[in-house]
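Examination of the molecular architecture
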Amino acid sequence: MAAAGAEAAAEEEKRLPEGDPESDGDSDDEGDSDSSGDGEDEEKENEAEIQRLEEQLSINAFDYNCHLDLIKLLRQEGELVKLRRARQKMSELFPLTEEIWLDWLKDEIKMASEISEREKVYELFERAVKDYICPEIWLEYAQYSIGGIGQEGGIERVRSIFERALTAVGLHVTKGTALWEAYREFENAILETAQPAPGSIPSPEQQQVLCSQLEKIHTLFRRQLGIPLLDMEASYAEYEEWSEEPIPETTIKNYKKALQQLEKCKPYEEALLGAETPKLAEYQAYIDFEMKAGDPARIQLIYERALAENCLVPDLWARYNQYLDRQLKVKELVLSAHDRAVRNCPWTVGLWIRYLLAMERHRVEHSIISEMFEKALNAGFIQATDYVEIWQAYLDYLRRRVDFTQDSSKELEELRSAFARAVEYLKQEVEERFSESGDPSCTIMQNWARVEARLCNNMQKARELWDNIMTKGNAKYANMWLEYYNLERAHGDTQHCRKALHRAVQCTSDYPEHVCEVLLTLERIEGTLEDWDAAVQKTENRLARVNEQRAKAAEKEAALAKQEEERAEQRKQARAEKKASKKAKKTRTGDKRKADEDDEGEWGQEEELPSKRLRGEGDGVLPEEDMEVETGLFGRSEKPDGPTAPKEKASTSRKDIPKVFHDSSKDKVTVFVSNLSYTMAEPETKLRELFASCGEVVEVRAVFNNKGTFRGYCYVQFREEEAARQALALDRTAVEGRPMFVSPCVDKNKNPDFKVFRYSTTLEKHKLFISGLPFSCTKEELEEVCKAHGNVKDIRLVTNRAGKPKGLAYVEYENEAQASQAVLKMDGLTVKDHVIKVMISNPPLRKLPERPGPSYAPLPLPRQSYGARGKGRTQLSMVPRALQRQSNPVAKAENGMVQNSPAASSEPPAEPKKMSNADFAKMLLKK
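Residues numbered from 1 in each chain as written. Predicted model: local features only at pLDDT ≥ 70, side-chain atom pairs only at ≥ 80, totals over all residues. Heavy atoms only, no water.

- As named in an unreviewed UniProt entry, the protein is Spliceosome associated factor 3, U4/U6 recycling protein, taken from Serinus canaria.

The structure is reproduced here in structure tokens:
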């Protein structure tokens, strides 16, 4: 009865007018005209926005957010026909969320009055429950079906829906109880209608109906109490109160067993309740727990619960589908899960491949599989290699359909046509989009050639295909020639094998020795004397040319290395001369000051001049300007009135304040701050205030040179290690217009390979890399452009060390789907007269710079190992130049030069007279 009342209320609501024209009769005309004008303007704006969204979807039908915006706007405007069409289009492309389905269903229920219209609502419910396992939708479905109990078979239909709902979500620990209670309430309502009138005696038929209905309710209670559900104690108490008979021992035993199981599930449910989205780790722990228990229904349910909240996680779909494929193997269940997976994550090629395999495994019609493959090609994969993989999977399927015992068949022609189409598709469609085919080794053509040679006995076609493969830049690789040779050896003849190896000897540039060895082996086994002589002559000539080219390349590399060393020596000498000239100039200035002093002696001059001691004076340390010494407040003072006061005060501070060297034992509570402005005033105070939010700052040690000028970096020491870790979060914070770099305090002498880079250097499918931005583009302006295609989590504008923009940015979306749609929509977009380029973030691997080498690819020669940094001039920076010259000939020999070659045996060019260590020291002590 309650359901009937609700239905009547819904009908009444549907008949209500949108507004009562008489209700505003007391308002003045001016107010009416203003509100009317505002309403018309808003209506026009909405119509324009609707038109824009429809046009955008006609360009890119997979724009999820655009679908949502259009549906929201159409619902607001009351465009019911367009709204229904928009929802229909979206549901064909994507599984809809619980909220979207419930809104759609409620709108359709309001408009459904006739029986035919109610049947359409039933069909809509059937579609809704297939997208995700949602208890709320099942409950809504069951309650809606109660409104049709007056029709023929209505009661049985309601029971059927309830039973299906219990099968789908009746095991849901937190939400299953509501369905069980709704089912029992329905059966109790049926029981009330079956009761005889008060004071009358029921007939035998009525008594039988009553007993049957009572047994149905008893059965529902017993079934529910055997399942671990929240508040099952209340359900047990309700059963005790309702039942006129004692509860059976079997039911009590099952109830206690379910309680024990509930206690095991509670920690996982509580973890889900307290976790933040997306709860992947908590769901995975729950899945592992259920997998150990081994109940297929519970495993399926927990997977479905996880997917309802993480529908855009391809790995989760892959694990679920793998479980269904290997364990349950129920056709409808397996294919439904695969279909939902590719609709949620269409950019993931692995899900499409598993779907095709599942369809073939369950013997789906060929036309349906082919149609699904065509959908996969239009899914918008983000890498060229993805298209190669999906084509290969489809070609494998077509090959398995062919009966190769027949000379010709429809299936074989379809396979050959598909191979030809695949090659053309990669050449045209994929190369146009990605600037590469994704198949440089021509694996599809290789497989085609194997099918023709091994299964069709058509070696001539296989040779044509391999000729095409070699013309695509693969003729220089030995492995490609040997692959063709092996195919020819197995299914061809010796003549073509010999011809292939002769061509391979001539063309191979990476491993010619290997190809030569294979040719000689062939002639040793099958060739005549003339064939052997020809092969020996060809291989010797080829290897002679290869060795000659390698020798020239080694000489060229050695010459380049020598030139680089000479240039480095020249730069070093130029710096030394420049430094010496500066010292001489300062000395002359000091002598002039000394002549002007009346009462100052030698020590007065030393106080007047900057405190720089040359090597050999005092304790014999390096000049202080060449040492990175942390001096705290070293050399800083306020500007006095007198002209000579700054130097006197600076000198006094340098003599009185001891130098503070870095204490490596405190590295864990210290951070290194760099890229600060040299002109920063009071850096200690500034940075102490900046880092105070992280924890108690013990000390800020700014680094100054001997003139008292701040060098742009410092050390910040905290009281606690946790505070130092929190300080790392301030990395790249803008300070006086420059990004401040904050990194862990690490001694790079002990850890030369230590590098701090806070961002990922691998493929991130949910993040975009944008180039070509105008330098004036701000983070807010870029976010305004990007948020139209998804929820933007973070935007990072790339700047140089001075904080100036470089026209590059990284944009992070919530998931891969939004990122892939943004690439399709934003690539080539114009922003402030600049055409931007947008791609998925996949930074190239960082490689050491290589010197120019020969155009061919010879075999790698032995190289001297120089360590992770390569051979740099810093490796010998502490060795006197004279000793470096003595070691040069040996270094050349070790770098691959032949000892008796002209480059190694030629006389070295004339060099300055070599100096002893004493001469070297005297040279440094000269003024």
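There's more to say after this.
**Details of the overall build of the protein**
- Helix and strand counts for the protein come out as 35 helices and eleven strands.
- Excluding contacts between residues fewer than 6 apart, the proportion of contacts in the protein whose partners are at least 24 apart in sequence is 62%.
- Surface summary for the protein: the accessible area is close to 54,500 Å², and the carbon and sulfur share equals 51%. (Helix = DSSP H or I, 4+ residues; strand = E, 2+ residues; numbered from the N terminus. Contact = heavy atoms within 4.5 Å. Areas by Shrake-Rupley, 256 points an atom, 1.4 Å probe, with all protein chains shown as cover.)

**Observations regarding the pattern of salt bridges**
- Tallying each qualifying case throughout the model produces 41 salt bridges.
- The partner of Lys787 in a salt bridge is Glu784, and the shortest N-O contact between them spans 3.2 Å.
- Lys787 sits in the partly exposed class, given a relative accessible area of 46%.
- Shared partners join several salt bridges into a network, and the residues in it are Arg75, Arg87 and Asp107. (Salt bridge = Lys/Arg side-chain N within 4 Å of Asp/Glu carboxyl O. Buried < 20%, exposed > 50% of the residue type's maximum accessible area, 1.4 Å probe, protein only.)

**As for the packing of aromatic side chains**
- Counting across every chain of the model gives 32 aromatic pairs.
- With centroids separated by 4.3 Å and ring planes inclined at 10 degrees, the aromatic side chains of Tyr236 and Tyr255 adopt a geometry described as stacked. With a gap of 19 residues between them, Tyr236 in helix H11 (residues 232–242) and Tyr255 in helix H12 (residues 249–274) connect regions that are remote in the sequence. In this structure, Tyr236 and Tyr255 share a single accessibility class: buried.
- Taking the ring centre of Tyr144 as reference, the NZ or CZ of Arg118 above it sits at 4.3 Å. (Phe/Tyr/Trp six-rings, centres within 6.5 Å; stacked < 30°, edge-to-face > 60°. Lys NZ or Arg CZ within 6 Å of the ring centre and 35° of its normal.)

**Remarks on the sheet that holds strand E11 (residues 837–841)**
- An order of E7-E8-E6-E11 is seen for the four strands of this open sheet, with the pairing classed as antiparallel. Two strands close off the open sheet at either side, each with one partner strand: strand E7 (792–799) and E11. In this sheet, adjacent strand axes meet at a mean angle of 25 degrees when their direction is disregarded.
- Two strands pair when backbone bridges link them, and strand E6 (residues 764–771) and E11 are joined in this way by five bridges, in the antiparallel orientation. Paired with Ser771 across the two strands is Lys837, which belongs to E11.
- Most of the contacts of helix H31 (residues 779–786) go to E7, to which it runs at about 135 degrees, and overall it touches E6, E7 and strand E8 (805–813). (Pairing = 2+ DSSP bridges. Axes fitted to C-alpha atoms, helices over the stretch in contact; angles between N-to-C directions.)

**What about the packing of helix H6 (residues 115–131) against helix H7 (residues 135–146)?**
- At a closest axis distance of 10 Å, the pairing of H6 and H7 adopts a crossing angle of 160 degrees. Taken together, the axes of H6 and H7 lie roughly antiparallel to each other. In the packing of H6 onto H7, the handedness of the crossing is left-handed. The residues of H7 that touch H6, namely those facing Arg118, Val121, Tyr122, Phe125, Glu126, Ala128 and Val129, are Ile137, Trp138, Glu140, Tyr141, Tyr144 and Ser145.
- Its residues assigned to classes, the contact of H6 with H7 comprises nine nonpolar, one polar and three charged. (Parallel < 35°, antiparallel > 145°, perpendicular 65-115°, else oblique. Left-handed = near helix turned anticlockwise from the far one by under 90°. Nonpolar A, V, L, I, M, F, W, Y, C, P; charged D, E, K, R; others polar.)

**Observations regarding the side chain of Arg701**
- Take Arg701: it is sitting in strand E2 (residues 697–704).
- Its relative accessible area of 6% is what places Arg701 among the buried residues.
- A polar contact is formed between the side chain of Arg701 and the side chain of Gln717, at a distance of 3.1 Å. (Polar contact = N/O pair within 3.5 Å; in protein donor to acceptor, adjacent residues only side chain to side chain.)

**A few points about helix H18 (residues 366–377)**
- For H18, spanning twelve residues, the distance from its first C-alpha to its last is 17 Å, which sits close to the expected 16 Å at 1.5 Å a residue.
- Among the residues of H18, Ile369, Ser370, Met372, Phe373, Ala376 and Leu377 are the ones counted as buried. An end-on view of H18 places all buried positions within 160 degrees of arc, on one side of the element.
- Buried residues in H18 make contact with helix H16 (331–344), helix H17 (349–361), helix H19 (384–401) and helix H20 (410–434). (Expected span 1.5 Å × (residues − 1). Arc of directions from axis to C-beta.)

**Brief notes about the sheet that holds strand E3 (residues 710–718)**
- Taken in spatial order, the five strands line up as E2-E3-E1-E5-E4 in an open sheet, and their pairing is antiparallel. Looking at which strands have only one partner, the edges of the open sheet turn out to be E2 and strand E4 (733–735). Mean inter-strand twist for the sheet, computed between neighbouring axes without regard to direction, equals 30 degrees.
- The sheet contact formed by strand E1 (residues 670–674) and E3 spans four bridges and is antiparallel. In the sheet register, Val671 faces E3, and the bridge partner there is Val716.

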